[in-house]
Amino acid sequence: MSSESGQNESETLPARIRRWIGSRWRRFNAWRRGRPFLGGLLLCLAGLLITWVPMRILPDIAFIGGEMAGFLAIGALFGVFVFLSGLYALSRPARAHGAGVVGIILSIFSLFGSLGGLLVGMLLGIIGGNLCIAWKPSGDAVDEAVSEPSVIDKAAARINAGFARLVGTIVLGCRAGLERITRRGTDE
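The structure displayed is predicted, hence computed values, not measured ones.

A separate point is the nonpolar core. Counting 12 residues, the largest nonpolar core is built from Leu42, Leu43, Ala46, Ile50, Phe78, Val82, Ala89, Ala96, Ala99, Leu106, Leu124 and Cys132. Those elements that place two or more of their residues in this core are α2 (37-64), α3 (68-91), α4 (96-118) and α5 (120-134). With four residues, α2 is the single largest residue contributor to this core. Among all residues touching Ala46, those that are not within four sequence positions of it are Val82, Gly121, Leu124 and Gly125.

Here it is in structure tokens:
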């Protein structure tokens, strides 16, 4: 007999759980393959490490009242922005290149505000940013509309061709003028 849900009653609970986990895992792998997963993950981890260092020191310095409090707050801000660049690379894979560049720059700047997350966070941020820059979408994920030039690209090509013709005529005119000058010099 079958139950109202259409599943076999003889199917055990562990088998259903395994099937459910398997379907979720396949969905996660499909999502992961469409974005710079490792690069974004490393940027997020680097942001956490970079933020952790000043957050451990900042409450003590702020309580005592030192001039370093602002410096550490800026370091923590660098860490937050490195973390956000990792999230941005994961959520917008088409813009992963820009997020990787921002992540690298902020990771390097974090050296001055929070010692780069004891240098480990800075190195992870640089590696994660480079992975985001190097990431390319798979061939089947590329939209066919991208391969066709846009109206702006066609207009730019026409302007470039016109400019090339203009430069070509100017170069030919200059060569002809130089030849006349050299002929005049040899005739005299």
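As a further point, take α4. Between its terminal C-alpha atoms α4 stretches only 26 Å, short of the 33 Å expected from 23 residues at 1.5 Å a residue. Phe112 marks the point of greatest bend in α4, at about 110 degrees. Inspection of α4 places Ala96, Ala99, Gly100, Gly103, Ile104, Leu106, Ser107, Ser110, Gly113, Ser114, Gly116 and Gly117 among the buried residues, and these make up the whole buried set. Note on α4: the residue one or two positions beyond its end, Leu119, has a positive phi of about 70 degrees.

A cluster of nonpolar side chains, Met68, Phe71, Val101, Ile105, Ile108, Phe109, Leu111, Phe112 and Leu119, forms an exposed patch at the surface whose accessible area comes to about 780 Å². At the level of elements, α3 and α4 are the ones that each hand at least two residues to the nonpolar patch. Considering every element that reaches the nonpolar patch, the biggest residue donor is α4, with six residues. As for its placement among the helices and strands, Phe71 is situated in helix α3.

In the predicted model, the protein chain carries a mean pLDDT of 83, and the fraction of residues at 70 or more is 87%. Confidence, read as mean pLDDT per element, is least for helix α6 (residues 144-147) in the protein chain (52) and greatest for α5 (94).

Attention shifts here to the packing of α3 against α4. Where α3 contacts α4, the axes come no closer than 8 Å and their chain directions differ by 160 degrees. As judged from the angle between their axes, α3 and α4 are roughly antiparallel. Classified by chirality, the crossing of α4 by α3 is left-handed. Of the residues in α4, those touching α3 at Phe71, Leu72, Gly75, Phe78, Phe81, Val82, Ser85, Tyr88 and Ala89 are Ala96, Ala99, Val102, Gly103, Leu106, Ser107, Phe109, Ser110, Phe112, Gly113 and Ser114. Here the contact of α3 with α4 is built from residues that sort into 13 nonpolar, seven polar and no charged.

Take the packing of aromatic side chains next. Counting across every chain of the model gives five aromatic pairs. Their ring planes at 80 degrees and their centres at 6.1 Å tell us that Trp31 and Phe37 sit as a pair that is edge-to-face. The partly exposed category is assigned to Trp31, whose relative accessible area is 36%. Ring pairing ties together the aromatic residues Trp25, Phe28, Trp31 and Phe37, which thus form one cluster.

In this section: the UniProt feature "transmembrane region" (unreviewed entry) in the protein chain. With numbering matched to this structure, UniProt assigns "transmembrane region" (unreviewed entry) to residues 36-55, 61-90 and 102-127. Secondary structure across residues 36-55 comprises 95% helix and 0% strand; the distance between its end C-alpha atoms is 29 Å. With 96% helix and 0% strand, the stretch residues 102-127 has end C-alpha atoms that lie 13 Å from each other.

Analysis parameters
Residues numbered from 1 in each chain as written. Predicted model: local features only at pLDDT ≥ 70, side-chain atom pairs only at ≥ 80, totals over all residues. Heavy atoms only, no water. Core = buried A, V, L, I, M, F, W, Y, C linked by side-chain atoms within 4.5 Å. Buried < 20%, exposed > 50% of the residue type's maximum accessible area, 1.4 Å probe, protein only. Helix = DSSP H or I, 4+ residues; strand = E, 2+ residues; numbered from the N terminus. Contact = heavy atoms within 4.5 Å. Expected span 1.5 Å × (residues − 1). Bend = angle between axes of the 7 residues up to and from the residue. Patch = residues over 30% accessible without salt bridge, like charges linked within 9 Å, V, L, I, M, F, W, Y side chains within 5 Å. Areas by Shrake-Rupley, 256 points an atom, 1.4 Å probe, with all protein chains shown as cover. Salt bridge = Lys/Arg side-chain N within 4 Å of Asp/Glu carboxyl O. pLDDT = per-residue confidence, 0-100. Axes fitted to C-alpha atoms, helices over the stretch in contact; angles between N-to-C directions. Parallel < 35°, antiparallel > 145°, perpendicular 65-115°, else oblique. Left-handed = near helix turned anticlockwise from the far one by under 90°. Nonpolar A, V, L, I, M, F, W, Y, C, P; charged D, E, K, R; others polar. Phe/Tyr/Trp six-rings, centres within 6.5 Å; stacked < 30°, edge-to-face > 60°. UniProt positions renumbered as here; feature names shortened; annotations may be inferred.

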